[in-house]
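Secondary and tertiary structure notes
Take a look at the letters that make up each chain.
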Amino acid sequence: MSKPVYVLGGPNLNLLGSREPEIYGRDTLEDIHTRLRVLAGELPLETRQTNHEGELVSWIQEGSAKGSAIILNAAAYTHTSIAVHDALKACTVPVIEVHLSNPAARDAFRQVNYVSPAVKATIAGLGAYGYELALLAVKTLLGQKET
Ligand code: DQA
């Protein structure tokens, strides 16, 4: 059994589907995770969401120790968390950052990003499809077939 890909979500992503749908879309986080599981096929996924910074830091550490890669939407912690940045810098597996919206095209306070400088790649602005692209990228990085 291969090591799981950790799909980690930060604060307020539990509200996807009803939270500002004009920005974040109408898919729930469970909808997104369900599609990822189909796309993942045999590759195991560990899908989690938290509203707590320390928990996210612990899961990043766990993903690095026990997983094969991490797909991370740190949500608002992207713009505030040096603890998340440091955890990512310590990661020994590839990390793909995902955002549903494109924070670079939004509010000034979203222009600060502590995640991007510490990850392999960033996908932003493509809605839920960005998660699927991230998983395809992870599969390629792990040398698996993209089916
Ligand atoms: C987000 C963008 C962040 O700026 C915001 O705080 C979120 C969601 C996104 O997926 O577009 O909570 O990460």
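Residues numbered from 1 in each chain as written. Predicted model: local features only at pLDDT ≥ 70, side-chain atom pairs only at ≥ 80, totals over all residues. Heavy atoms only, no water.

Going by what an unreviewed UniProt entry lists, the protein is known as 3-dehydroquinate dehydratase and is assigned to Hyphomonas beringensis. Check the Sequence similarities (unreviewed entry) section of the UniProt entry for the protein; it says "Belongs to the type-II 3-dehydroquinase family." (UniProt positions renumbered as here; feature names shortened; annotations may be inferred.)

1. Quick notes on the pairing of strand β1 (residues 5–9)
Of all five residues that make up β1, five are buried, and the element is covered over most of its length. Here β1 shows two buried faces, one formed by Val5, Val7 and Gly9 and the other by Tyr6 and Leu8. Pairing between β1 and strand β2 (residues 45–49): five bridges, direction parallel. In the sheet register, tyrosine 6 faces β2, and the bridge partner there is glutamate 46. Inspection of the sheet shows β1 paired to strand β3 (residues 69–73) by five bridges, in the parallel sense. Within the sheet, the bridge partner assigned to valine 7 lies in β3 and is isoleucine 71. (Buried < 20%, exposed > 50% of the residue type's maximum accessible area, 1.4 Å probe, protein only. Helix = DSSP H or I, 4+ residues; strand = E, 2+ residues; numbered from the N terminus. Pairing = 2+ DSSP bridges.)

2. Some words on the nonpolar core
The biggest cluster of nonpolar side chains holds 23 residues, and the ones touching the most others in it are Ile71 and Tyr131. Elements with a minimum of two residues in this core: β1, α2 (29–40), β3, β4 (95–99) and α5 (129–141). If sequence neighbours within four positions are ignored, isoleucine 71 has contacts with Val5, Tyr6, Val7, Leu8, Ile96, Val98, Tyr131, Ala134, Leu135 and Val138. Among the nonpolar cores identified, the runner-up in size contains 19 residues, and Leu56, Val57, Cys91 and Ala118 belong to it. (Core = buried A, V, L, I, M, F, W, Y, C linked by side-chain atoms within 4.5 Å. Contact = heavy atoms within 4.5 Å.)

3. Some words on the UniProt feature "active site" (unreviewed entry) in the protein
The UniProt feature table records "active site" (unreviewed entry) at Tyr24 and His99. Spanning 76 residues, the named residues form one tight spatial group whose C-alpha atoms are at most 9.1 Å apart. Take tyrosine 24: it is sitting in helix α1 (residues 21–24). On the basis of relative accessibility, which here comes to 9%, the residue tyrosine 24 falls in the buried class. The residues touching tyrosine 24, leaving out its near neighbours within four places in the chain, are Leu16, Arg19, Leu100, Ser101, Arg106 and Arg110. Relative to the assigned elements, histidine 99 resides in strand β4. Ignoring any residue separated from it by four or fewer positions in sequence, one finds histidine 99 in contact with Asn73, Thr78, Asn113, Ile123, Ala124, Gly125 and Leu126. There is a polar contact of 3.5 Å between the side chain of histidine 99 and the side chain of asparagine 73. (Polar contact = N/O pair within 3.5 Å; in protein donor to acceptor, adjacent residues only side chain to side chain.)

4. What to know about the packing of α2 against α5
α5 packs onto α2 with a crossing angle of 30° between their chain directions and a minimal axis gap of 10 Å. Here α5 runs roughly parallel to α2, going by the angle between their axes. Our pair here, α2 against α5, has a crossing hand that is right-handed. Counted together, Leu29, Ile32, Arg35, Leu36, Leu39 and Ala40 of α2 and Tyr131, Glu132, Leu135, Leu136 and Lys139 of α5 form the full contact between these two elements. A class-by-class count of the residues in the contact of α2 with α5 yields eight nonpolar, no polar and three charged. (Axes fitted to C-alpha atoms, helices over the stretch in contact; angles between N-to-C directions. Parallel < 35°, antiparallel > 145°, perpendicular 65-115°, else oblique. Left-handed = near helix turned anticlockwise from the far one by under 90°. Nonpolar A, V, L, I, M, F, W, Y, C, P; charged D, E, K, R; others polar.)

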